[in-house]
Amino acid sequence: MRQDKIFKSGQGVTARYYARLLSSCFDKLVTVDPHLHRIHDLADIYSIETKLVRAAPAVSNWLKANVSSPVIIGPDSESAQWVKKLAKNSGAPFLVLEKTRRGDRDVEVIVPQVEKWTDCTPVLFDDIISTGKTMIETIKHLLAAGLSAPV
């Protein structure tokens, strides 16, 4: 589900290629929180039976049992859908950061009003980590603002 749109000339919508390949090899697909932003239903691209499983309920239970005073942090606007569910299920506040991506390894992250969360443990939550650059930049900003090491 990595690429669901053509961003530059010559690119392909690899989500469709993988769907076609997997549909030709398997009878059923079960996946956890696929990267569904522009493709709204797996049935739109897979010709086999699909089932989507959500991670937020299990992660919420883990958070309640293991992290005191969490603040759920999403690194960008696309993560908001998961961050809001996780925050609601775990009873924690959340914050969605602002990200500008100039390339695969050139990312700027803006952390708005993070100072008010210094008494909380930051919990980073996103659906996909490719190069890790967004998470690295997010962690740098959180630590520089005086927050504890994130989970």
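Structural data are supplied above this passage.
Rules of the game
- In this numbering scheme, every chain counts its residues from 1 along its sequence in written order.
- The predicted nature of this model means local features are confined to residues of pLDDT at least 70 and side-chain atom pairs, given and counted, to a pLDDT of 80 or more, with totals for whole chains, interfaces and linings taken over all residues.
- Only hydrogens and water are removed before side-chain values are computed, so all heavy atoms of the structure are retained for them.
- A helix here means a DSSP run of H or I that spans at least four residues, while a strand means a run of E at least two residues long, and both kinds are numbered starting from the N terminus.
- We call a residue buried when its accessible area falls under 20% of the maximum for its residue type, exposed when it is over 50%, and partly exposed in between, using a 1.4 Å probe and counting protein chains only.
- Here a strand pair is declared whenever DSSP counts at least two bridges between the two strands.
- Axis definition: a line fitted to C-alpha atoms, over the contacting stretch in the case of helices. Angles run 0 to 180 degrees between N-to-C directions.
- Every residue pair with non-hydrogen atoms within 4.5 Å of one another is taken to be in contact.
- The term salt bridge refers to a pairing of a side-chain nitrogen on Lys or Arg with a carboxyl oxygen on Asp or Glu at a separation within 4 Å.
- In this analysis, the expected span of each helix is defined as 1.5 Å times one less than the number of residues it contains.
- What the arc measures is the spread of directions leading from the helix axis to the C-beta atoms.

Participant: Is there a simple way to think about unusual backbone geometry in this case?
Facilitator: Generally, phi is negative for residues other than glycine and the peptide bonds are trans, each holding for most cases. We note that Asp-33 has phi near 40°; this positive angle belongs to a residue other than glycine. Checked against the element boundaries, Asp-33 lands in the loop between β1 (28-32) and β2 (49-53). Even without glycine at this site, Ser-69 takes up a positive phi of about 55°. Judged by relative accessible area, which is 44%, Ser-69 ranks as partly exposed.

Participant: For this particular structure, what's the right way to read the sheet that holds strand β7 (residues 121-124)?
Facilitator: Across a sheet, paired strands are connected by hydrogen bonds in the backbone, their directions being either parallel or antiparallel. Spatially, three strands are ordered β4-β3-β7 in an open sheet, and the strand pairing comes out parallel. Edge positions in the sheet fall to β4 (94-96) and β7, since each of these pairs with one other strand and no more. This sheet shows a mean twist of 30° between the axes of neighbouring strands, independent of strand direction. Of the pairings in the sheet, the one linking strand β3 (residues 70-74) to β4 comprises three bridges and is parallel in character. Bridge pairing in β4 links Ile-72 to Phe-94. Running over the sheet, helix α4 (residues 133-144) touches β3 and β7 and is turned about 170° from β7.

Participant: When you look at the environment of Ile-6 in this model, what are you seeing that I'm missing?
Facilitator: Following the sequence through the fold, Ile-6 ends up in the segment before α1 (14-25). With near-sequence residues (within four places) excluded, Ile-6 lies in contact with Gln-11, Gly-12 and Val-13.

Participant: What am I meant to see in the pattern of salt bridges here?
Facilitator: Close approach of charged atoms lets side chains of opposite charge pair. Inspection of the entire model under this criterion finds five salt bridges. For Lys-28, the salt bridge goes to Glu-49, with nearest N and O atoms at 3.5 Å. Note that Lys-28 is positioned in strand β1 and Glu-49 in strand β2, a separation of 21 residues in sequence. Where salt bridges share partners, they join Lys-133, Glu-137 and Lys-140 into one cluster.

Participant: Would you mind showing me how to read α1 here?
Facilitator: Every α-helix winds through 3.6 residues per turn, so residues three or four apart in the chain are directed the same way. For α1, built from 12 residues, the straight-helix expectation of 16 Å at 1.5 Å per residue is met to within 8% by its first-to-last C-alpha distance of 17 Å. Within α1, the full set of buried residues consists of Ala-15, Ala-19 and Ser-23. Axial view of α1: buried residues confined to an arc of 65°, hence all on one face. More than 90 degrees from the buried face of α1, the exposed residues found are Arg-20, Ser-24 and Cys-25.

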